[in-house]
Amino acid sequence: MKLGLLATSLLASTAAAINAIQVNGTKFFDSTGKQFFIKGVAYQPTDANQTTANTASGATINDPLADPTGCQNSVSLLQKLGVNVIRVYRVNASLNHDSCMSTFANAGIYVFLDLETPETTVISDSPTWTVSQYQAFTQTLDAFVGYQNLGAFFIGNENIDSFNRSEAAPFVKAAARDMRAYIKAKGYRAVPVGYASADVSDLQIQLGQYLSCGPLTDGIEFYALNTYRACGSGATVQTTGYDVLYQQYKNLSRPVFLSEFGCNTNPPRLFQEAQWFLGQYSDVFSGVIAYEWPQESNDYGLVTYVGSSPSPLPDYTRLSSAWANVTPSSTALSNYQGASTKSFSCPAQTSGFAAATALPPSPDAQYCACAVSNAKCSASSNLNDTAIGNAFGIVCGLNSGKACNVISVNGTTGTYGQYSFCSGKQQLALVYQNYYSQQSSSTNACGFTGATLLANPGSSSCTRASGLALATANSGSNTIAQQNGQGSSGSSTARTSSSSTAKSAAMRLSGAFAGSPAYFAAGLTTFLAGVAFVAL
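Residues numbered from 1 in each chain as written. Predicted model: local features only at pLDDT ≥ 70, side-chain atom pairs only at ≥ 80, totals over all residues. Heavy atoms only, no water.

Asks: Please explain the overall build of the protein as it appears in this structure.
Replies: For the protein, the count of helices and strands is 16 helices and 18 strands. Looking at the protein as a whole, 56% of its 536 residues qualify as buried. Long-range contacts, defined here as pairs at least 24 residues apart, represent 80% of the contacts in the protein between residues at least 6 apart. By element, 49% of the accessible surface of the protein is carried by carbon and sulfur atoms, the whole surface being about 20,800 Å². (Helix = DSSP H or I, 4+ residues; strand = E, 2+ residues; numbered from the N terminus. Buried < 20%, exposed > 50% of the residue type's maximum accessible area, 1.4 Å probe, protein only. Contact = heavy atoms within 4.5 Å. Areas by Shrake-Rupley, 256 points an atom, 1.4 Å probe, with all protein chains shown as cover.)

Printed below as a string of structure tokens:
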């Protein structure tokens, strides 16, 4: 349910009294100054009817926080287990979440929520941070930020899971920067924003340092690990390497916790991490989230469902025992000496971790619309994804792909085209205009299929927004508006590109098309097939 600031404030006041969570230095505290330790479970069950989606949404996302019956049926078992946090991976922002959020607030349970979905995530191999992603993230943020028991937002989950995918790191960091700026600009409560990392040796600490470094406004506010090292009864902190992990994260200057844990490859699961990270390592780590609540085919479940009712499995009892008698090393905020989150220099690029410190620009929908309205050589508004992809494949294969520099991105060199965050249709219009300008505005240079030469384009001064103006700019649609002026569609004569030009331009395609796999697939196919290009 999308709510304004006043409405969300009123809603929060009607819920059970639960203290909001905040970050200070390397720790979480509640609003009374008491240190907060996470005892959580990953919570993504299907709805009470065991269907795959909330039918009222018209979407494929199953939203467990829009299922009041399911929440009511689960909450007593979660309480009995000692849970104070549930991690929810995906929701539908258009649905009503009041009942479930109130149910969990009444039970003293916070929600740590992922903002991304499979459709909006920063993709490892072709990363983007676009207007459409920004809008999707903020729609979810708007829907939940008013709930007092909304504990934290995850900006991403395992987006970078190997060294050769570190190019995606600047895009994840840019998303964190912009969501934090959005929260501030809208006057919302300062809900912590962080990231959940894959547990890849050495990569995870480098990534944690990278996402936290530089200006405090740019980075994450907490860092979490999905780790499954303690397998079987013989696991120790030494055999798992957790003793090394503990030393690595002592100096991160951000709260750190396990966002997933619970190895099942050598059953029974004993959940030793709960004892270690809520016990001897609790001076550095802020808790754990066990994977996962519902039993599925992967056999990680703590409960199984009979109809709409959850029933505990043996792992439920084992987890309860694992953290029942652990007492974290706690401190009050008033006595905490590290209350200021520290800024530190970013690590140098290496051959293994090559993420640039320069971040992608903040997406700006109005800037894109303004630039398109000024384009004399523009693109037809009725092109489908395949046609757009093929069109990119043609124009980006000409003149060494120079026209496409305005939309290309490279997270290793830290170069980002000024229109890299616009929609695919807008990008095509702006690439067409860029090529047209590079060819001295020759009429033939706007002869691409789907290109339109406008007699009277706009002449507005296009400037980038920031703060509340940026939040407002991105609140609407990012489609190409109909433009004034008489258009003329050109025809083209064919020629083929050299393989070197095709490969070079294909490299630019990988991050250029507003996160649309359809654009990329079509454009790449056009390149590699060596199809006919426009001859001017």
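Anyway, onward from the coordinates.
Asks: Teacher, can you tell me more about the pattern of salt bridges here?
Replies: The final tally for this structure, using the stated rule, is 10 salt bridges. Residues D199 and R229 are paired through a salt bridge, measuring 2.7 Å at the closest nitrogen-oxygen approach. Taken together, the residues span a long stretch of sequence, with D199 in the loop between β7 (193–198) and α6 (203–212) and R229 in the loop between β8 (222–226) and α7 (237–240) at a distance of 30 residues. Overall, the relative accessible area of 22% leaves D199 in the partly exposed class. On the basis of relative accessibility, which here comes to 25%, the residue R229 falls in the partly exposed class. (Salt bridge = Lys/Arg side-chain N within 4 Å of Asp/Glu carboxyl O.)

Asks: Would you mind going over the nonpolar core with me for this structure?
Replies: General note: in soluble globular proteins, nonpolar side chains tend to be found buried as a group. I86, F153 and W293 are the most contacted members of the largest nonpolar core, which has 93 residues in total. No other element matches helix α5 (residues 169–185), which puts 9 residues into this core. The contacts of W293, once residues within four sequence positions are left out, are V41, A42, Y43, S74, L77, L78, L81, G301, L302, V303, Y305 and Y316. Counting residues in each nonpolar core, the second largest holds 34 residues, with C404, C422, A429 and Y435 among its members. (Core = buried A, V, L, I, M, F, W, Y, C linked by side-chain atoms within 4.5 Å.)

Asks: Any chance you could explain the sheet that holds β7 here in plain terms?
Replies: Sheet strands pair via backbone hydrogen bonds, and the direction of the pair is either parallel or antiparallel. In space, the 8 strands of this closed barrel follow the order β3-β4-β5-β6-β7-β8-β9-β10, with parallel pairing throughout. Taken over all neighbouring pairs, the strand axes of this sheet differ in orientation by 25° on average, direction set aside. Contacts from α5 reach β6 (150–157) and β7, with the element oriented near 150° to β6. (Pairing = 2+ DSSP bridges. Axes fitted to C-alpha atoms, helices over the stretch in contact; angles between N-to-C directions.)

Asks: Could you clarify how one ought to interpret the environment of Y147 in this entry?
Replies: Structurally, the position occupied by Y147 is in the loop between α4 (131–144) and β6. Under the relative-accessibility criterion, Y147 is labelled buried at 4%. Expressed as a C-alpha distance, the spacing of Y147 and H97, which sit 50 residues apart in the sequence, is 9.5 Å. Among the polar contacts made by the side chain of Y147, one reaches the side chain of D98 at a distance of 2.6 Å. (Polar contact = N/O pair within 3.5 Å; in protein donor to acceptor, adjacent residues only side chain to side chain.)

Asks: How do you make sense of the packing of aromatic side chains when you look at a structure like this?
Replies: The description of an aromatic ring pair uses the distance of the two centres, along with the angle that the planes make with each other. Enumeration according to the criterion identifies 35 aromatic pairs in this entry. Between the aromatic rings of F112 and F257, the centroid separation amounts to 5.9 Å while the plane-to-plane angle is 75°, which identifies the pairing as edge-to-face. Separated by 145 residues along the polypeptide, F112 in strand β5 (residues 110–114) and F257 in strand β9 (residues 256–261) bring together distant segments of the chain. In terms of burial, F112 and F257 fall into one category: buried. Aromatic ring contacts, followed pair by pair, group Y195, Y223, Y242, Y246, Y249, W276, F277, Y281 and F285 into a single cluster. (Phe/Tyr/Trp six-rings, centres within 6.5 Å; stacked < 30°, edge-to-face > 60°.)

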